[in-house]
Structure formats: structure tokens, C-alpha cells
Amino acid sequence: MSTVLETEEHKALRAAVAALGTRFGRDYTTALARKGEHPRELWDEAGKLGYLGVNLPEEYGGGGCGMAELSIVLEELGAAGSPLLMLVVSPAICGTVIARFGTEAQKRAWLPGLSDGSLTMSFGITEPDAGSNSHRITTTARHDGEGGWILSGRKVFISGVDISDATLIVGRTEDAKSGKLKPCLFIVPRDAPGFTHTPIEMELQAAEKQFELVLDDVRLPAGALVGEEADTGLLQLFAGLNPERIMGAAFAIGMGRHAVGRAVEYARTRTVWKGAPIGSHQAIAHPLAQAHIELELARLMMQKAAKLVDDGDDIGAGEAANMAKYAAAEACVRAVDQAVHTLGGNGLTREYGLASLITAARVSRIAPVSREMILNYVSHQTLGLPKSY
Ligand SMILES: Cc1cc2nc3c(=O)[nH]c(=O)nc-3n(C[C@H](O)[C@H](O)[C@H](O)COP(=O)(O)OP(=O)(O)OC[C@H]3O[C@@H](n4cnc5c(N)ncnc54)[C@H](O)[C@@H]3O)c2cc1C
């Protein structure tokens, strides 16, 4: 893939991460996913090499770079067939929010561990009765009368809670219940009394599981609230959501590249007519070329979004991050579909291991924000069209 917009450092990072990803590869990830295990070895090694916290501040053990670099890490691991989904959540969302809005104590407690991978944090915003409408979330925090908090609510589809030391839970304070969303973010340790997580059975072949969470009057110290109470609000949440969308795009682009790479390799050599490999038929070649173009275009928008975030333009980044996530998901779904088709019957075998990407690719259309909610965003925010809801 062309990397014309990248610095020499970016290219070197890309090459180094690609080498690490290739060393593990899709067979490693698939074997673990089938056993329901986390890619701990890869995670630890990526942490040791400084890749996991490349976006986090240097003074707290991070790499001092930004989303441009973290998205390279995820894209390259994915392109090698060994993506780390928790990169979307742990350093990108939780790390960014804590680095920008956390108290000094929270930064010291979490950022070094999130950077080297010794600590992992998951992120919970989705609720069963709110779904795409996060203004409707009802997870509520009330003061416990002793300076702490009591948090109650339910969350669904939260990734990686079993392997996370804590979950960053998006709630609202009691007095904000009836008004517009005034989010407040709480760091909830995995073993907090009243906090339970139950796996949701998904038709997905992935190392990371999704969970339903119940917060039943979970008592938390004052220091569990990210930042100060007076400062809580949408800005904190947005600080995490742009990185989340950029990483959603990186995940999809990586997967799409992996699928196209595998299909091209197959199409070059598979021959069923005299002398001509199937890749010489335009019906096979053109859709793969199209998939490659669409992935490249999506990456351009992802780079723009990452640059805006890294330059501190959260508002400007909102549109680009949404567009990048949209373009990447659509490109990924089409790339995977075409890759599976290219392999004919082998596209559906366990041996070739491509078919499971069909469901995996669909995730990128739904999470972290659905295709329709992005189209709504662009309709309303960019085009100024009226809302139907
Ligand atoms: C594998 C996976 C991992 C996930 N990990 C996490 C996680 O770690 N943390 C977390 O908080 N969440 C996570 N999620 C949840 C994810 O963010 C939600 O599934 C997503 O935001 C959609 O919400 P929903 O499933 O409730 O769908 P709904 O909101 O019920 O939407 C259903 C359908 O209706 C469409 N729709 C809804 N409203 C509108 C509208 N106004 N206009 C047009 N169409 C509309 C949607 O686009 C969608 O197609 C994960 C989900 C999956 C599948």
C-alpha cells in the first residue's frame, strides 16, 4: 500500500509492526479464538516494544505520539492477520480520556500500565434500552454521602471485560437524569462488589468476548470519577470517541487488507483453465483492484482524522473520524466478501480460514457506531438536513 503521506518514522513503525504481526499471524489468532483465549503473548510483546501505548504521554510511560501512530499499529497487526481489538478500547479510548481529563493520581495509576500492556481497560457505553441512542443511557451515579459514589445500571456488548483490570463506564449523575446527556465516566475495577459480567454468546470467531454488565449499587471511591465532577461532560466523552472511530477504521482496513492479500496470493496461482490463473480473469481481478482502491481511500480519511485529533481539533476530527470509520467498514465488508468468493469453495473451508472474516467484517459496520448513525451525523452536521428522530 502507498504510504506517501507518512513520515520516515511512520514507515519504520509500519514495517516493524508488520514484522511482529507476521511472526504471530492468522493461524495464531484463529487457534486462540477457537479455544476462547486472549492473544496474551502478542499483547505482551507489543507492549514491551512500546506499540500499545505509542499514543500516550511520555512522562507516563507512553510513546508520546498520537492516533496516527496507534492506528498504524492496529492496521498492520490486522493486515498480518493478528489484530488486537483491545487496542481500540484500552489505549485509544480509555488511555486518551485519562491522559486528557484524569486526575494526576489516575494518570499515575493507569497510564504506565496501559502503555506497557500490564494493565488493560475496557469501555462500556452501550446499554440494552439505549443502543445507538446514547442520550438515553440510564446508568446513574449518586453520591454515597461519604464523598464516594454509588453506580447502578446495565451495559451490553462490552468487549474484553474478563481480561480487563477495570472498565471505564459511561454513566450520568442523578441530577442530569431528565436533561440532556451529561456523561460522567467512572473507572470500575473488575472485582468491585456488585459489578458482574456475563458473556454474551456471539457468532464471532474472535479472541475477545462481549459481556453483559450489571452494576448493582456499586460503591466507588471519589477517585473513581474521571476528572473533577464540575468538569464532567460531553468533551470528555468526545475525547475518547474520535480515537475509537479512528481505531474502528484501522481495524477494518487491516482486516480488509489481510483478506485482499490472501485472495491475491490465491488468484495468482490457482489455475483451472489452460495456463491462465483465475487472477487473470477480470471478473476476479477487478473486484480485488476495487477493494484495494477503497481500502486506500478509507485510509486517507483515517489519516486525516488522526492528524486532526493529534493537532487537538476534536470538533473538526468528529466528521473525519466518522467518515473514516464509515468508509473503512464498507471497504472491509466488500473486500472480505470478494476475497472469500475468489477462493471458491476453499473460501468457506476451515483450512483457509477466511469465511469467519465475513461476520468479523460485519462488526465494523455496527460497532463502535453503526453505518446509519454515521449517515445521520453527516446528514445533520455536515449537510444541515433536518432530523427524523
Ligand atoms: C463485537 C461487538 C463489540 C462491541 N464492543 C463494545 C464495547 O466494547 N463497548 C461498548 O460500549 N459497546 C460495544 N459494542 C456495542 C456497539 O457499539 C453497538 O452494538 C452499536 O452502537 C449499535 O447499537 P445496538 O446494537 O443497540 O443497535 P441499535 O441501536 O438497536 O440499532 C439497530 C439498527 O438500527 C439502526 N438505527 C438505530 N437508530 C437509527 C436511526 N436513528 N436512523 C437510522 N438507523 C438507525 C442501526 O444503525 C442498526 O442498524 C460492541 C458491539 C459488537 C457487535
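Cut-offs and rules
Residues numbered from 1 in each chain as written. Predicted model: local features only at pLDDT ≥ 70, side-chain atom pairs only at ≥ 80, totals over all residues. Heavy atoms only, no water. Helix = DSSP H or I, 4+ residues; strand = E, 2+ residues; numbered from the N terminus. Rg over C-alpha atoms; globule rule 2.2 N^0.38 Å. Buried < 20%, exposed > 50% of the residue type's maximum accessible area, 1.4 Å probe, protein only. Contact = heavy atoms within 4.5 Å. Disulfide = S-S within 2.5 Å. Core = buried A, V, L, I, M, F, W, Y, C linked by side-chain atoms within 4.5 Å. Arc of directions from axis to C-beta.

Draft legend 1. Quick peek at the overall build of the protein chain. Secondary structure summary: the protein chain contains 10 helices and 9 strands in total. Relative to its length of 389 residues, the protein chain is compact, with a C-alpha radius of gyration of 21 Å against a globular reference of 21 Å. Counting the 389 residues in the protein chain, one finds 53% classified as buried. For the protein chain, the proportion of contacts with a sequence separation of at least 24, taken over those separated by at least 6, is 71%.

Draft legend 2. Focus on the environment of alanine 298. With respect to the secondary-structure elements, alanine 298 resides in helix 7 (residues 282–310). In sequence terms alanine 298 and alanine 250 are 48 residues apart; their C-alpha atoms lie 9.2 Å from each other.

Draft legend 3. Representation of the state of the cysteines within the structure. In this structure the tally under the stated criterion is 0 disulfides. No disulfide involves cysteine 65; its sulfur sits 20 Å from the nearest other cysteine sulfur, which is in cysteine 94. Left without a disulfide partner, cysteine 94 is nearest to the cysteine sulfur of cysteine 184, which lies 15 Å away. Note on cysteine 94: relative accessible area 0%, which makes it buried.

Draft legend 4. Seen up close, the nonpolar core. Counting residues in hydrophobic clusters, the biggest one holds 86 residues, and the most contacted among them are Leu87, Met121, Phe123 and Leu168. With 14 residues, the single largest contributor to this core is helix 6 (residues 234–269). If you look at the next biggest cluster of nonpolar residues, it comprises 18 residues, including Trp149, Val161, Leu213 and Ala224.

Draft legend 5. Quick peek at helix 2 (residues 40–48). Taken together, the buried positions of helix 2 are Leu42, Trp43, Ala46 and Gly47. Seen along its axis, helix 2 keeps its buried residues to an arc of 135 degrees; they face one direction. Turned more than 90 degrees off the buried face of helix 2, the exposed positions are Glu41 and Lys48. Phi turns positive one or two residues past the end of helix 2, at glycine 50, with a value near 85 degrees.

Draft legend 6. Focus on unusual backbone geometry. For the bond running from alanine 367 to proline 368, omega is -5 degrees, close enough to zero to count as cis. For proline 368, the position within the fold is in the loop between helix 9 (356–366) and helix 10 (371–382). A positive phi angle, close to 65 degrees, is found at phenylalanine 157, a residue other than glycine. Considering the arrangement of structural elements, one finds phenylalanine 157 in strand 3 (residues 149–159). Looking at phenylalanine 157, the relative accessible area reads 47%, which means it is partly exposed. A positive phi angle, near 50 degrees, is found at aspartate 217, a position not held by glycine. For aspartate 217, the location among the structural elements is in strand 7 (residues 210–220). Given the relative accessible area of 37%, aspartate 217 is considered partly exposed.

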